[in-house]
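Inside the fold
Here is how the chains run, residue by residue.
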Amino acid sequence: MISVIIPTYNRAEFIEQAIASVLDQTLTSGALCGDIIVDDDGSTDATPEIVQQISKNNHIPIRYLYQENKGASAARNLGIIAAQHDMLCFLDSDDRWVPHKLEMQLHAMQRQPQYLISHTREIWYRHGMQVNQKKKHAPPHGEIFQRALRMCVVGMSTVMMQREIFHRYGLFNENMPCCEDYDLWLRVSREEDFLLVDEALTLKDGGRPDQLSALHRLGMDRWRIYSLCLLLEKTSLKAEQYDQVVAELERKCRIYGKGCIKHGRPEEGEYYLTLPKQQNMQGATFVPDGKGDIFL
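The text that follows walks through the structure, step by step, so that each part is easy to find. Please read these numbers as outputs of a predicted model, since none were measured by experiment.

Concerning the overall build of the chain
Helices and strands together make up the secondary structure of the chain, namely 11 helices and 11 strands. The burial tally for the chain puts 53% of its 296 residues in the buried class. Long-range pairs, those at least 24 residues apart, make up 74% of the contacts in the chain with a sequence separation of at least 6. Accessible surface, the chain as shown: approximately 14,100 Å² in total, 51% of it carbon and sulfur.

Describing the packing of aromatic side chains
Applying the stated rule across the entire model yields seven aromatic pairs. Here Phe 166 and Phe 172 contribute two aromatic rings whose centre-to-centre distance is 6.0 Å and whose plane-to-plane angle is 50 degrees, an arrangement assigned as tilted. Both residues of the pair, Phe 166 and Phe 172, belong to the buried class. For the pair Trp 223 and Tyr 226, a centre-to-centre distance of 5.2 Å together with 85 degrees between the ring planes defines the contact as edge-to-face. With Trp 223 and Tyr 226 both in helix 9 (residues 220–234) and three residues apart, this pair spans about one turn of that helix. The same class applies to Trp 223 as to Tyr 226, namely buried. Following the ring pairs from residue to residue traces out a cluster consisting of Phe 90, Phe 166 and Phe 172. The ring of Tyr 125 is capped by Arg 96, whose NZ or CZ atom sits 5.9 Å from the centre of that ring.

As for the pairing of strand 3 (residues 62–66)
Bridge count for strand 2 (residues 33–40) against strand 3 is five bridges, and the pairing is parallel. Paired with Asp 40 across the two strands is Tyr 66, which belongs to strand 3. The parallel pair strand 2 and strand 3, bridged by helix 2 (residues 47–55), forms a crossover whose chirality is right-handed.

Focus: the nonpolar core
Ranked by size, the top nonpolar core spans 48 residues in total, and within it Phe 90, Met 161, Phe 166, Trp 185, Leu 186, Ile 225 and Val 245 carry the most contacts. Those elements that provide at least two residues to this core are strand 4 (87–90), helix 5 (145–150), helix 6 (164–169), helix 7 (180–189), helix 9, helix 10 (239–262) and helix 11 (266–282). A per-element tally of this core places helix 9 first, with nine residues. Not counting the four nearest positions on each side in its chain, Phe 166 is found in contact with Ile 80, Leu 88, Phe 90, Met 161, Leu 171, Phe 172 and Leu 184. Core analysis: the next-biggest nonpolar cluster, separate from the first, contains 33 residues, Val 4, Ile 50, Leu 102 and Leu 201 among them.

Comments concerning the pattern of salt bridges
Here the structure, examined in full by the defined rule, presents 19 salt bridges. A salt bridge links Asp 94 to Arg 11; its shortest N-O distance comes to 3.4 Å. Pair noted here: Asp 94 is in the loop between strand 4 and strand 5 (95–97) and Arg 11 is in the loop between strand 1 (2–8) and helix 1 (15–23), with a separation of 83 residues, a long-range link. We classify Asp 94 as buried; its relative accessible area is 4%. Taking the relative accessible area as the measure of exposure, Arg 11 reaches 12% and is therefore buried. Lys 252 serves as the salt-bridge partner of Glu 248, at 2.5 Å between the closest nitrogen and oxygen. Of this pair, Glu 248 and Lys 252 both sit in helix 10, four residues apart, which is roughly one turn of the helix. For the pair shown, Glu 248 and Lys 252 are each scored as buried. Bridged by salt links that share partners, the residues Arg 150, Glu 248, Arg 251 and Lys 252 form one connected network.

A short note on helix 9
Taking 1.5 Å of rise per residue, the 15 residues of helix 9 would be expected to cover 21 Å, and the 21 Å separating its terminal C-alpha atoms lies within 8% of that figure. With 12 of 15 residues buried, helix 9 lies mostly within the body of the structure. Listed in full, the buried residues belonging to helix 9 are Met 220, Arg 222, Trp 223, Arg 224, Ile 225, Tyr 226, Ser 227, Leu 228, Cys 229, Leu 230, Leu 231 and Leu 232.

Some words on the environment of Phe 14
Note on placement: Phe 14 falls in the loop between strand 1 and helix 1. With 80 residues separating them in the primary sequence, Phe 14 and Asp 94 have C-alpha atoms 5.2 Å apart.

So, the environment of Gln 241
For Gln 241, the position within the fold is in helix 10. Between the C-alpha atom of Gln 241 and that of Arg 190, which follows or precedes it by 51 residues, the distance is 7.6 Å. If we skip the residues at most four places from it in the chain, Gln 241 touches Phe 145 and Arg 190. At 2.9 Å, the side chain of Gln 241 forms a polar contact with the backbone oxygen of Arg 190.

Some details on helix 3 (residues 72–82)
Of all 11 residues that make up helix 3, eight are buried, and the element is covered over most of its length. Every buried residue belonging to helix 3 is among Ala 72, Ser 73, Ala 74, Ala 75, Arg 76, Asn 77, Gly 79 and Ile 80, and all of these are buried.

Some points on unusual backbone geometry
The backbone of Asn 10 shows a phi angle near 50 degrees, a positive value even though the residue is not glycine. Inspection of the secondary structure puts Asn 10 in the loop between strand 1 and helix 1. A positive phi angle, close to 60 degrees, is found at Cys 179, a residue other than glycine. Within the fold, Cys 179 resides in the loop between helix 6 and helix 7. Relative accessible area serves as the criterion here: at 5%, Cys 179 is assigned to the buried category.

Definitions and limits used
Residues numbered from 1 in each chain as written. Predicted model: local features only at pLDDT ≥ 70, side-chain atom pairs only at ≥ 80, totals over all residues. Heavy atoms only, no water. Helix = DSSP H or I, 4+ residues; strand = E, 2+ residues; numbered from the N terminus. Buried < 20%, exposed > 50% of the residue type's maximum accessible area, 1.4 Å probe, protein only. Contact = heavy atoms within 4.5 Å. Areas by Shrake-Rupley, 256 points an atom, 1.4 Å probe, with all protein chains shown as cover. Phe/Tyr/Trp six-rings, centres within 6.5 Å; stacked < 30°, edge-to-face > 60°. Lys NZ or Arg CZ within 6 Å of the ring centre and 35° of its normal. Pairing = 2+ DSSP bridges. Right-handed = clockwise from strand over helix to strand, strands pointing away. Core = buried A, V, L, I, M, F, W, Y, C linked by side-chain atoms within 4.5 Å. Salt bridge = Lys/Arg side-chain N within 4 Å of Asp/Glu carboxyl O. Expected span 1.5 Å × (residues − 1). Polar contact = N/O pair within 3.5 Å; in protein donor to acceptor, adjacent residues only side chain to side chain.

What follows is the structure in C-alpha cells.
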C-alpha cells in the first residue's frame, strides 16, 4: 500500500487534475494507493472546497491537512508524518502522473528490494508545449551522489520511497524556502543507490511565475551553497565524497561570486568567493538570510 503526498499552495487551478491522475492509476494488482494526503500550506484560494468536493465520492481516502504558510518543506513533512503506509510517493500539485506510474514503479521496487528509493523520467511542458530536455537533465541510476552535487537530478514528483529513508536521513529541511529536494537527495545519495525506472511516468508543467524555481530564481544558488556547507559540517562523508563536496562548493561560490560582482554587488561577490575558505576554517554553518549572509 502506498501513501501519496500532495503539497499545495494556491493551486486551485491545478489541484483537481493532480488528484485525478492519482485516482486514475491502474490497480490491476490490488489497491496500490492506500490514501492521498493533500497538505495545504496556507492557501487563500478555492483549494479547500475543490479537495472537499473531490473527496466525496471516490475509491481512495483523501485527507486534507491545513497549516499556516511555512513552505514546501514543512508541507511535505506534514504529509510524511501523517501518512498511514510505509511506501511514500510525492506529487507536486501542478504535476500529473501517467495512469500506470504507481503500478510500474512499485513492481520495479519489489523486483529489486535492495533499493529503498526509486525515480522515473519526466515529460516537461512549458506553456502547454512539450519541451526537449538536455542531456544533463537525464536522471541517473545507482550511485548518483556526484551527479546530484551539480544540480537536482531527481524530480520530486517522480520518487517512490520507503519511509525508512526519512528515519535514516531526516525530513526535509524546513529552513530552506527552495532547493530542499536537492538537499535531501544529497543526504540520501551519500549512502543509498537510486533505482531509475527508465520510463517517462511523470508529466511536469513549468514556466509559470508562481513556481518556486521562478520565485527563488536569483537565490537558488545561495541555498545550494548552504546545503553543501551543511553537508560538510553535519554529515559523515567518505574521503572521496568530502573532496567532491569541497570542489563543488568552490565551483558554485566562484560562479555565484563572480556573478554578484558583474551585476554590481561587489561585497556580496567577495563574500562568496572567500566562503569556502571561511567555512573550512571556522567549521561553522553558513546561513543565507536574504540580507547579509552569516555563519552560525
